[in-house]
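What follows is the residue order along each chain.
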Amino acid sequence: MSANTTEERGGPVPELRERAAACADRLRDADRVLLASHIDADGLTSAAVAATALERAGLPFETVFAKQLDETEVARIAATDYDTVLFTDFGSGQLDVIAPYAADGTFTPVIADHHQPAEVADAPEPDHHLNPLLVGIDGASELSGAGASYVLARALEPSGGDNRDLAALAVVGAVGDMQASDGGLSGANQGIVEEGVAAGVVEEATDLLVYGRQTRPLPKFLEYATDVRIPGITNDENGAIEFLSGLDLDLKADGEWRRWVDLTMAERQTVVSALLKRAIASGVPADRIDALVGTTYTLTDEAPGTELRDVSEFSTLLNATARYERADVGLAVCLGDREAALDRARTLLRNHRRNLSEGLQWVKNEGTTVEEHLQWFDAGTRIRETIVGIVAGMAVGASGIRGDIPIIAFAEKSAEEIKVSARGSHVLVRKGLDLSRVMREASRAVGGDGGGHDVAAGATIPAGTQAEFVAEADRIVGEQLS
């Protein structure tokens with residue numbers, strides 16, 4: 001595919017072509033660019049896609065990361081001597097904070113984001129704003145921050161260049177942002193998948209939707225498959241081993257259990273068939289059984305049997321770096337470091353998994369406080385504020401935790417501030433839930449600020465205002481779902 005003209009550089013989302021071209025032209029006019037990005041898996045892949053595109057276009061840049069783009073962080077960015085700032089995976093929700101700096105000429109913002117844009121009252125909105133929500137595409141399910149960066153990267157292609165290989169990272173970002181929760185990516189994300197397949201960097205298949213296909217020994221692979229709980233197998237090491245041993249398959253090699261990636265297609269089909277029979281016999285609901293199988297994405301340039309080969313495992317690895325103040329490590333892995341950075345990332349991942357397990361167990365033990373329309377828990381310092389949202393999402397529907405109402409989690413960020421994370425479900429979103437608005441309005445009511453997506457959002461509030469925040473959030477959720 002040629003990429004020599006603006007028309008041909010439209011990429012997988014034609015609706016964003018003009019916005020992407022305008023953003024790309026502004027970046028080309030800059031002497032140098034400050035690239036500012038969020039720290040989660042979607043933010044890291046957004047930064048990596050943008051950084052690679054800038055480098056290929058011959059544009060000098062520097063990269064910085066932030067947990068949250070608040071007034072303090074934007075002021076810090078404004079204090080640099082960069083005339084052009086590219087925001088990826090955030091910026092839209094902070095338009096009201098950014099706009100005054102754009103209006104007075106402090107810096108020109110270029111935004112590639114997918115979060116709900118904030119309303120701007122006293123200043124014009126930035127001219128260079130690339131966001132799927134502005135053209136009627138759902139930013140919570142159809143295009144991630146990395147996807148927006150990818151659309152920009154396609155528009156930034158130098159004459160004769162081709163950035164379609166960056167689709168691999170965009171798919172990792174989308175999956176890391178939980179946009180494949182209904183069995184596969186859809187909408188504009190699917191267009192990116194198709195470009196990745198055409199470029200030979202992504203492989204799309206129908207397979208078992210269980211985490212760890214590349215790296216986990218089969219018993220652990222099934223034991224930890226908690227998305228669809230099968231009695232006698234899920235969270236049951238002996239049960240998983242007994243199930244596998246009962247199949248007419250040779251599932252060990254040199255005395256060690258094989259991994260899912262090691263099985264032939266026929267062997268996989270045998271395991272899946274037996275799993276489905278066990279699930280049906282155990283009374284697992286039909287819709288949950290259907291969720292066992294779906295679309296999977298493999299990065300064909302990565303080594304088989306590694307975390308980087310499977311997009312779900314890749315995104316988890318990235319989360320394990322940024323949430324422990326090592327976004328630089330995650331970015332280095334995205335940019336191709338398969339030695340020191342990857343080793344460090346794997347160490348961080350082991351620590352991350354342990355912390356998630358301990359955090360989830362704490363929530364299960366303590367339970368949640370149930371209000372009229374939502375439930376909540378306050379972890380204080382027991383769960384790290386950078387992972388409390390992940391723990392909250394894992395807790396929904398677990399033993400003793402309701403799955404039919406949103407969950408709000410608090411964790412101490414500092415002596416003065418509390419981190420708030422909220423998680424819902426796509427079922428609740430279809431009924432009217434918008435946690436982005438809940439977090440923004442409830443936090444601002446107590447002197448904080450927040451935002452995000454309809455199904456997952458966050459905020460920062462002053463310490464001591466949790467009760468007032470819960471009351472306001474509960475009221476807003478009630479109005480949305482009434």
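Residues numbered from 1 in each chain as written. Predicted model: local features only at pLDDT ≥ 70, side-chain atom pairs only at ≥ 80, totals over all residues. Heavy atoms only, no water.

Per an unreviewed UniProt entry, the protein chain is named DHHA1 domain-containing protein, and its organism is Halobellus rubicundus.

Trainee: I'm lost on the packing of helix H12 (residues 311-322) against helix H14 (residues 340-366) in this one. Help?
Mentor: For any two helices packed against each other, the geometry is given by the interaxial angle and the distance between the axes. Relative to each other, H12 and H14 sit at 85°, their axes nearing to 8 Å. By the angle class used here, H12 and H14 are roughly perpendicular. For the pair formed by H12 and H14, the contact residues are Thr 316, Leu 317, Asn 319, Ala 320 and Thr 321 on the first element and Leu 342, Ala 345, Arg 346, Leu 348, Leu 349 and His 352 on the second. Considered class by class, the residues forming the contact of H12 with H14 number 6 nonpolar, 4 polar and 1 charged. (Axes fitted to C-alpha atoms, helices over the stretch in contact; angles between N-to-C directions. Helix = DSSP H or I, 4+ residues; strand = E, 2+ residues; numbered from the N terminus. Parallel < 35°, antiparallel > 145°, perpendicular 65-115°, else oblique. Contact = heavy atoms within 4.5 Å. Nonpolar A, V, L, I, M, F, W, Y, C, P; charged D, E, K, R; others polar.)

Trainee: What am I meant to see in the sheet that holds strand S5 (residues 128-130) here?
Mentor: Each strand in a sheet pairs with another by means of backbone hydrogen bonds, the pair being arranged parallel or else antiparallel. The strand order across the open sheet formed by 5 strands is S2-S1-S3-S4-S5, and the pairing between neighbours is parallel. The sheet terminates laterally at strand S2 (61-65) and S5, the two strands that pair on one side only. Averaged over all neighbouring strand pairs, the angle between strand axes comes to 20°, with direction disregarded. Pairing geometry for strand S1 (residues 33-37) and strand S3 (residues 84-88), over 4 bridges, is parallel. Bridge pairing in S3 places Leu 34 opposite Val 85. Packing of helix H4 (residues 95-103) onto the sheet brings it into contact with S3, strand S4 (108-112) and S5, and relative to S4 it is tilted by some 150°. (Pairing = 2+ DSSP bridges.)

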